[in-house]
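Listed below, chain by chain, are the residues.
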Amino acid sequence: MKNYKFLVVVFLVFIEVINAQKKPNVLFVAIDDINDWIGPLGGNPQAVTPNMDKFYKEGAMVFKNAVCAAPICGPSRSAILSGFLPSASGVYGNAHDMLYSEVVQRNATLPEYFSKNGYHTLSNGKIFHKHGTKNGKTDFGSWAYDEFARGRRYNNDKANSKYLTSSKAGIISGKKSPEFISKKSKLSWGSTVDTFEETVDYAVADWATKQLEREFDKPFFMSVGFIKPHLPWFVPQEFFDMYDINKVIAPEIDETDLLDIKTPKGKQAFYATGEYKWVKKHGLEKEATRAYLASISFADRCLGLVMDALEKSGHAKNTIVVIWGDHGWHLGEKERYLKSTLWSEVIHTPLLVRLPGMKKGQLATQPVSLLDLYPTLVSLCDLPAKKNIEGHDFSGILKNKKSKWKHPGITISATGTSVLTEELHYIGYLNGTQELYDVKADPLEKKNLIEDKRYKQEIEQLKSYVPVTRKKASKEHYGKVKNYVDADQDETIKQHRKLYELQ
Ligand SMILES: [Ca+2]
Ligand SMILES: [Ca+2]
């Protein structure tokens, strides 16, 4: 009898192992500060992104109206990885560390939840936002993974001084031209001293290609984070050479666009930024556009290395691939060159998902959020549903792109909330300023309809999605993190974070 029981246990364990092996792997690829200027989204027809085009055409779903949960790196990533909007976590700015947030302290983050549920998790590149720690070291999010690596810089990805343009240093194409210098201004571009194979993102892609050659005894959850096209737009010259500066077309800017956005007191709510004035004054619109496009093509090349390695490996048939940008970017629209706003250019970001077996490119229009990735991946991998988190499972859309979706895409910034449906875009700021756009008739969001009485009912309905309460900002991080790549990681955080006590 004893032997019989033993055999049953062995058999059940065996079945469990087989089932565990059947679960799909997840390849989770982040691209920093990328807007919709990619082939599959068509945000800029000049963009050369052959690898994203191929990925889409050969079988993936692209979400035309996907929004970020927050319009800047740290809060956006914290929302994706924790499953909580800034209003619940208190992470509104890059200085706010999610580890000080009560909800994050109680709940497993996305990779932790996968680890807890039978996955082997590994990561390289920028996934979590970095923070200084009590020990004077840097927290890169290593605590969230079973295996953690960081791509290294060879020559610091510096620009060749001959080609450097920097608004902060007042340099244009290597020559001093200091009319507009602001310490806060970070707009800069140029070709790197490094070759492609010497860049950080290449190192991250190379790491991923090597991991994909491995055999894993558990399904894997692999995070790969590329830093470009985040500023500075320093990429090898070959990527600048992909775009003829004489033929580059910069976005057309309407300088009356901001006039119809008023504060409750009737004053103009937004003005052109210093960077915008600097670019305009020096006629650098085409240069800036090319530098951003070059940086996108660079990230696309890195992505291609990983996708090719996946295809060559034995894992492709059983791997869900998610490619996401953390938020978009303005290239002059609304008279600015930056992120952080709640306008279309920033809330929209690429989201492409490939399920094993997808045969063709499909375009979905539902306004899903990157916040939804957590519950969606949990559902797709058949893990126990994660309680408490705020996102919504959109796996139904991946199986049928016409599936009904009742949720608007919510983006929360330090200054307001954006609510996007397939028809309308409402923005409400904490100071009472409001905007409404008919995104079908006016995709560039030029005509603010907030005073239009015909939309009264719709506005009230959209406003109901604005969080009534906002969690107070989580504690500021310790010290300054000077060097993203070379600073030491703080392993003590991992020891303190008891995975099995987290929900
Ligand atoms: Ca970012
Ligand atoms: Ca306008």
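Residues numbered from 1 in each chain as written. Chains lettered and ligands numbered in written order. Predicted model: local features only at pLDDT ≥ 70, side-chain atom pairs only at ≥ 80, totals over all residues.

A look at the sheet that holds strand 3 (residues 120-125)
- One open sheet accounts for 8 strands, arranged 6-3-11-1-13-14-2-15; its pairing is mixed. The sheet terminates laterally at strand 6 (147-149) and strand 15 (362-364), the two strands that pair on one side only. Shown here is a sheet whose adjacent strand axes are inclined to one another by a mean of 15 degrees, direction ignored.
- For strand 2 (residues 61-63) and strand 14 (residues 351-354), the ladder comprises 2 bridges, and the chain directions are antiparallel. Residue pairing in the sheet places Met61 in a bridge with Val353 of strand 14.
- In the packing of helix 10 (residues 285-312) onto the sheet, contacts are made with strand 1 (25-31), strand 11 (220-226) and strand 13 (319-325), and the angle to strand 1 comes to roughly 170 degrees. (Pairing = 2+ DSSP bridges. Helix = DSSP H or I, 4+ residues; strand = E, 2+ residues; numbered from the N terminus. Axes fitted to C-alpha atoms, helices over the stretch in contact; angles between N-to-C directions. Contact = placed C-beta atoms within 7 Å.)

Side note on the nonpolar core
- Val29, Ala69, Ala208, Val306, Val322 and Leu370 are the most contacted members of the largest nonpolar core, which has 135 residues in total.
- Among the elements that line this core, the one with the most residues is helix 10, at 14 residues.
- Among all residues touching Ala69, those that are not within four sequence positions of it are Ser76, Ala79, Ile80, Leu85, Ser369, Leu370, Leu371, Thr411 and Ile412. (Core = buried A, V, L, I, M, F, W, Y, C linked by C-beta atoms within 7 Å. Buried ≥ 20, exposed ≤ 12 C-beta atoms within 10 Å, placed from the backbone.)

Description of unusual backbone geometry
- Cis geometry marks the peptide bond from Lys228 to Pro229; its omega dihedral reads 10 degrees.
- Here Pro229 lies in the loop between strand 11 and strand 12 (233-235).
- Residues other than glycine seldom take positive phi values, yet Asp33 does so here, at roughly 60 degrees.
- Structurally, the position occupied by Asp33 is in the loop between strand 1 and helix 2 (50-57).
- Taking the C-beta count within 10 Å as the criterion, Asp33 has 26 such neighbours and is therefore assigned buried.
- Of note, the phi angle at Asp382 is positive, near 60 degrees, even though the residue is not glycine.
- Looking at the secondary structure, you find Asp382 in the loop between helix 12 (373-380) and helix 13 (395-399).

Let's talk about the packing of helix 7 (residues 200-212) against helix 10
- Taken N-terminus to C-terminus, the directions of helix 7 and helix 10 make an angle of 5 degrees; their axes are 8 Å apart at the nearest point. It follows from the interaxial angle that helix 7 and helix 10 lie roughly parallel. Mapping the contact onto sequence places Asp201, Tyr202, Ala205, Ala208, Thr209 and Leu212 in helix 7 and Ala299, Cys302, Leu305, Val306, Ala309 and Leu310 in helix 10.
- Per-class residue counts for the contact of helix 7 with helix 10 are 10 nonpolar, 1 polar and 1 charged. (Parallel < 35°, antiparallel > 145°, perpendicular 65-115°, else oblique. Nonpolar A, V, L, I, M, F, W, Y, C, P; charged D, E, K, R; others polar.)

A few points about the packing of helix 2 against helix 10
- It is the contact of helix 2 with helix 10, at a shortest axis distance of 7 Å, that shows an interaxial angle of 45 degrees. By the angle class used here, helix 2 and helix 10 are oblique. Contact with helix 2, carried on its side by Pro50, Asn51, Met52 and Phe55, involves Asp300, Arg301, Leu303, Gly304 and Met307 of helix 10 and no other residues of that element.
- Among the residues making up the contact of helix 2 with helix 10, the classes are represented as 5 nonpolar, 2 polar and 2 charged.

Observations concerning the environment of Lys277
- Tracing the sequence through the fold places Lys277 in helix 9 (residues 274-281).
- Between the C-alpha atoms of Lys277 and Tyr337, which are 60 residues apart in sequence, the distance is 9.8 Å.
- With residues near it in sequence (within four places) discarded, Lys277 still touches Phe180 and Ala272.

Here's the deal with helix 7
- Over its 13 residues, helix 7 extends 19 Å from the first C-alpha to the last, a length consistent with the 18 Å expected when each residue adds 1.5 Å.
- Where burial is concerned, most of helix 7 is hidden: 10 out of the 13 residues are buried.
- All of the buried residues along helix 7 are Val200, Asp201, Tyr202, Ala203, Val204, Ala205, Trp207, Ala208, Gln211 and Leu212.
- Contacts made by the buried residues of helix 7 are with strand 3, strand 6, strand 11 and helix 10. (Expected span 1.5 Å × (residues − 1).)

Considering the environment of Lys360
- Here Lys360 shows up in the loop between strand 14 and strand 15.
- Lys360 sits in the exposed class, given 10 other C-beta atoms within 10 Å.
- Each C-alpha atom, one on Lys360 and one on Ser191, is 36 Å from the other, the two residues being 169 residues apart in sequence.

Describing the pairing of strand 18 (residues 424-429)
- For strand 17 (residues 416-420) and strand 18, the ladder comprises 5 bridges, and the chain directions are antiparallel. The residue bridging Thr417 from the neighbouring strand is Gly428, located in strand 18.
- Remark: 3 residues form the turn of the hairpin made by strand 17 and strand 18, two consecutive strands paired antiparallel.

Things to note about the pairing of strand 3
- Counting buried positions along strand 3 gives 5 out of 6 residues, so the element sits mostly inside the fold.
- As paired elements, strand 3 and strand 11 share 6 bridges and run parallel to each other. Bridge pairing links His120 to Phe220 in strand 11.
- Judged from the 3 bridges that link them, strand 3 and strand 6 form a sheet pairing that is parallel.

Any functional reading would require information beyond the geometric quantities listed.
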